[in-house]
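Fold and geometry: a report
Residues per chain are reported as follows:
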Amino acid sequence: ATSGIAKSVDVPIDLKIADVTGNVGEIVNVPIDVTSPALTTSDSVISYEFDVDFDRTVLEPVGVVVEGTFSAEELILNNLATLEQNPDSSVWRFAAAVANPYTGVLPLAILQFEIVGGPGDVGTIDFVEAKFNEAPHYLGTLVGGSVEVNIAPSIDLEYEGSVTIPEGQPFEMLVTGTDPD
């Protein structure tokens, strides 16, 4: 915790959870993006906390990617172990702090989920709470996101005529198609 050393954030900080698509069984990366103007050293952002609620019928939390994020130089504390032990819980909590202020425009973190829902399902991910420097009143807009599960394309085959193949001989057929997704 940064209690006692946190400075006030002078600008509202907007956050957006990305919308992504994937296939059943796939692990997808879902960035938590800062959508407000680039942070500067004078903004004095040195810590954050956020909680997200996600649809466990479609998504199973797997981990957090920090490379290429504001969190690349630090350890993000989160309750993934608790979620793994309690399948009824759907709130994933995160907290992080650094010695030097965050600068630039990077995602806070990238959440990883395994898609456990079926084709056509949409798993929502929404903010429950978020704070910078332990001060929730400096937040701008919080926008949730989702993971949409791709639908497998259907294939219709038609063949007119007949083919005779001697017993025990291989038969090959080439089928091509396109997936509009």
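Residues numbered from 1 in each chain as written. Predicted model: local features only at pLDDT ≥ 70, side-chain atom pairs only at ≥ 80, totals over all residues. Heavy atoms only, no water.

**Let's talk about the pairing of strand β11 (residues 145-149)**
- Across the five residues of β11, four count as buried, placing the element largely inside the fold.
- Pairing of strand β2 (residues 19-22) with β11, which is carried by four bridges, proceeds in the parallel orientation. In the strand pairing of β11, Thr21 is matched with Glu148. (Buried < 20%, exposed > 50% of the residue type's maximum accessible area, 1.4 Å probe, protein only. Helix = DSSP H or I, 4+ residues; strand = E, 2+ residues; numbered from the N terminus. Pairing = 2+ DSSP bridges.)

**Considering the sheet that holds strand β1 (residues 13-17)**
- Strand order across the open sheet formed by five strands is β5-β8-β3-β1-β10, with mixed pairing between neighbours. Two strands bound the open sheet, and with one partner strand each, they are β5 (59-65) and β10 (139-143). Recorded for the sheet is a direction-independent mean angle of 20 degrees between the axes of neighbouring strands.
- Note that β1 and strand β3 (residues 27-34) share three bridges and pair antiparallel. Opposite Ile17, over in β3, you have Ile32 as the bridge partner. (Axes fitted to C-alpha atoms, helices over the stretch in contact; angles between N-to-C directions.)

**Section: the pattern of salt bridges**
- Under the criterion given, the structure shown has four salt bridges.
- When the shortest N-O distance is used, the salt bridge between Asp19 and Lys16 registers 3.3 Å.
- By relative accessible area, which is 53% here, Asp19 ends up exposed.
- In this structure, Arg56 engages Glu60 in a salt bridge whose closest nitrogen and oxygen atoms are separated by 2.5 Å.
- Judged by its relative accessible area of 16%, Arg56 falls in the buried class. (Salt bridge = Lys/Arg side-chain N within 4 Å of Asp/Glu carboxyl O.)

**Things to note about the side chain of Arg56**
- Considering the arrangement of structural elements, one finds Arg56 in the loop between β4 (47-54) and β5.
- A distance of 2.5 Å separates the side chain of Arg56 from the side chain of Glu60, its partner in a polar contact.
- A distance of 3.3 Å separates the side chain of Arg56 from the backbone oxygen of Leu83, its partner in a polar contact.
- Apart from residues lying up to four places away in sequence, Arg56 is in contact with Pro61, Leu83, Asn86, Pro87, Ser89, Ser90 and Val116. (Polar contact = N/O pair within 3.5 Å; in protein donor to acceptor, adjacent residues only side chain to side chain. Contact = heavy atoms within 4.5 Å.)

**Focus: the packing of aromatic side chains**
- The tally for this structure, following the rule as stated, stands at nine aromatic pairs.
- With 6.4 Å between their ring centres and 65 degrees between their planes, Phe54 and Trp92 make a pair best called edge-to-face. Of this pair, Phe54 sits in strand β4 while Trp92 sits in strand β7 (residues 91-97); the two residues are 38 residues apart in sequence, bridging distant segments of the chain. One exposure class covers both Phe54 and Trp92, and it is buried.
- Taken together, the aromatic side chains of Tyr48, Phe50, Phe54, Phe70, Trp92, Phe94, Tyr102, Phe113 and Phe127 make up a single cluster linked through ring pairs. (Phe/Tyr/Trp six-rings, centres within 6.5 Å; stacked < 30°, edge-to-face > 60°.)

**As for the sheet that holds β11**
- The mixed open sheet is built from six strands, whose spatial order is β2-β11-β9-β4-β7-β6. Edge strands, defined here as strands with exactly one partner in the open sheet, are β2 and β6 (77-78).

**Here's the deal with the confidence of the model for the chain**
- Put simply, the chain has an average pLDDT of 84, and 89% of its residues get 70 or more.
- Of the regions scoring below 50 in pLDDT, residues 1-8 engages in 13 contacts with residues more than four places distant in sequence or in other chains. (pLDDT = per-residue confidence, 0-100.)

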